[in-house]
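Read off the chains here:
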Amino acid sequence: ETGVTQSPTHLIKTRGQQVTLRCSSQSGHNTVSWYQQALGQGPQFIFQYYREEENGRGNFPPRFSGLQFPNYSSELNVNALELDDSALYLCASSLGVLRGQNEQFFGPGTRLTVL
Amino acid sequence: SQQGEEDPQALSIQEGENATMNCSYKTSINNLQWYRQNSGRGLVHLILIRSNEREKHSGRLRVTLDTSKKSSSLLITASRAADTASYFCATDAWFHGQGAQKLVFGQGTRLTINP
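Residue positions are given per chain, counted from 1 along the sequence in the order it is written. Chain labels run from A onward and ligand labels from 1 onward, assigned in the order the entries are written. Only residues with pLDDT of at least 70 are given local features in this predicted model, and only at 80 or more are side-chain atom pairs given and counted; all residues enter the totals for whole chains, interfaces and linings. Hydrogens and water molecules were not included; the side-chain quantities draw on all heavy atoms of the structure.

Here's the deal with the overall build of chain B
How we decide: We count a stretch as a helix when DSSP gives it H or I for four or more residues in a row; a strand needs E for two or more, and each element gets its number in order from the N terminus. Two things to know: the radius of gyration comes from C-alpha atoms, and the globule rule equals 2.2 Å times the number of residues to the power 0.38. Accessible area is worked out with a 1.4 Å probe on protein chains only. A residue is then buried under 20% of its type maximum, exposed over 50%, and partly exposed in between. In this description, accessible areas are obtained by the Shrake-Rupley approach with a 1.4 Å probe, and a residue is regarded as covered only by the protein chains that are shown.
Across its full length, chain B carries 0 helices and 11 strands. Along chain B, from the amino end to the carboxyl end, the secondary structure elements read β-β-β-β-β-β-β-β-β-β-β. Radius of gyration (C-alpha) of chain B: 14 Å, near the 13 Å computed for a compact globule of 115 residues. C-alpha atoms of chain B, sized along the principal axes, occupy 50 × 30 × 20 Å. Burial analysis of chain B (115 residues in total) assigns 48% to the buried set. When the accessible surface of chain B is summed, it comes to about 5,400 Å², and 45% of that surface belongs to carbon and sulfur atoms.

Here is the structure:
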């Protein structure tokens, strides 16, 4: 158990809909990263939030957006869902963004299916 | 794009045997981490090895790092059925001009331990 929780566990949506996924970081961690993992692939970095600000973004379109709250929990929002958005979405929390402090602790993930 | 490449993509061995997985990467790193994932669930952090380290042990796990060859290996000794999982290596990558530090994953090695 990492102390990182995600909700919901599973979600089914249809194309064009919007979805919000939630993540609670491990106690004391101020940095949250989101990853998308397609079936049979390794996780791909979406973006990272540090102290409520987006701190870096991977190669994902603007319809992927996020928030981080004062308690360091986070949301991932995806608008205009496409079939290819079907994946496991993982959040990871870490203590900080300094070099050598990038041990990231992952939650169990949210399985999103887009029909 | 994925930085790490795991080899082999799939490995099947008998319980009690040793399992070796390899990872190659492309750019310089601060550290390299290995994660385990059971049946498409969350990632479990196994071990972190820093760029100035050559070998690290944790229980039945032994990780080596060769920065001159940009490669790492994970050895699991005396394998057990519970070790059946996918194993990923992840390297860190910094965003130029930003503070974000993301993990870049390979596609993983699917390890099956046969009783």
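Here we look at the state of the cysteines
Between two cysteines, a covalent bond joining their sulfur atoms is known as a disulfide. All names here are of chain B. Rules: Note on disulfides: each one is a pair of cysteine sulfur atoms within 2.5 Å.
Enumeration according to the criterion identifies 2 disulfides over all chains in this entry. Between the sulfur atoms of Cys 23 and its disulfide mate Cys 89 the distance is 2.0 Å. Every disulfide takes its handedness from the sign of the S-S torsion; for Cys 23 and Cys 89 that torsion is 65 degrees, giving right-handed. Of the two residues, Cys 23 sits in strand β3 (residues 19-24) while Cys 89 sits in strand β9 (residues 85-94), which places them 66 residues apart along the sequence. As far as the burial class goes, Cys 23 and Cys 89 line up, both buried.

Description of the pairing of strand β8 (residues 74-78) of chain A
Residue and element names in this part refer to chain A. As a reminder, the rule being used: Between any two strands, pairing holds if DSSP finds at least two bridges.
In terms of burial, β8 is largely enclosed, as 5 of its 5 residues are buried. Going residue by residue along β8, you find Ser 74, Leu 76 and Val 78 tucked away on one face and Glu 75 and Asn 77 tucked away on the opposite face as well. Sheet analysis places strand β3 (residues 19-24) next to β8, joined by 5 bridges and oriented antiparallel. Paired with Val 19 across the strands is Val 78, a residue of β8. In the sheet, strand β7 (residues 64-68) pairs with β8 via 5 bridges, with the strands oriented antiparallel. When the bridges of β8 are listed, Gly 66 appears paired with Leu 76. The hairpin turn running from β7 into β8, its antiparallel successor, is 5 residues long, and Tyr 72 in that turn takes a positive phi close to 75 degrees.

Remarks on the nonpolar core
The test is simple: Remark: nonpolar core denotes a set of buried residues (Ala, Val, Leu, Ile, Met, Phe, Trp, Tyr, Cys) joined through side-chain atoms within 4.5 Å. Two residues form a contact once any of their heavy atoms are found within 4.5 Å.
Ranked by size, the top nonpolar core spans 22 residues in total, and within it B:Leu32, B:Trp34, B:Leu74, B:Ile76, B:Tyr87 and B:Leu111 carry the most contacts. Sorting the residues of this core by element identifies β2 (10-14), β3, β4 (31-37), β5 (43-50), β7 (61-66), β8 (71-76), β9 and β11 (109-114) of chain B as the ones contributing at least two each. Non-local contacts of B:Leu32, meaning those with residues more than four positions away in its chain, are made with B:Cys23, B:Tyr25, B:Ile47, B:Leu48, B:Ile49, B:Leu65, B:Ser72, B:Cys89, B:Ala90 and B:Thr91. A:Val4, A:Leu11, A:Ala87 and A:Val114 belong to the second largest nonpolar core, which has 20 residues in total.

Structural notes on the pairing of strand β6 (residues 53-57) of chain A
Residue and element names in this part refer to chain A. Here 4 bridges tie strand β5 (residues 44-50) to β6, and the two strands are oriented antiparallel to one another. Bridging from a neighbouring strand, Phe 47 pairs with Arg 57 of β6. Counting the residues that bridge the hairpin from β5 to β6 gives 2 residues, and of these Arg 51 lies at a positive phi of roughly 50 degrees.

Thoughts on the environment of A:Gly42
With respect to the element layout, A:Gly42 can be found in the loop between β4 (31-37) and β5. In the structure, A:Gly42 is positioned 23 residues away from A:Val19 in sequence and 22 Å away in space, judged by C-alpha atoms.

Looking at the side chain of B:Ser79
Within the element layout of this structure, B:Ser79 appears in the loop between β8 and β9. Residue contacts for B:Ser79: discarding those within four places in its chain leaves B:Ile13, B:Gln14, B:Glu15, B:Gly16, B:Glu17, B:Arg60 and B:Ile113.

Here we look at the sheet that holds strand β1 (residues 5-7) of chain A
Residues and elements named next belong to chain A. Which entries qualify depends on this criterion: Axis definition: a line fitted to C-alpha atoms, limited for helices to the stretch in contact. Angles are taken between N-to-C directions and run from 0 to 180 degrees.
What the 4 strands build is an open sheet, ordered β1-β3-β8-β7; its pairing is antiparallel. In this open sheet, the two strands that pair with only one neighbour each are β1 and β7. Mean inter-strand twist for the sheet, computed between neighbouring axes without regard to direction, equals 20 degrees. Here 3 bridges tie β1 to β3, and the two strands are oriented antiparallel to one another. The residue bridging Gln 6 from the neighbouring strand is Cys 23, located in β3.

The values are spatial; any link to function lies outside them.
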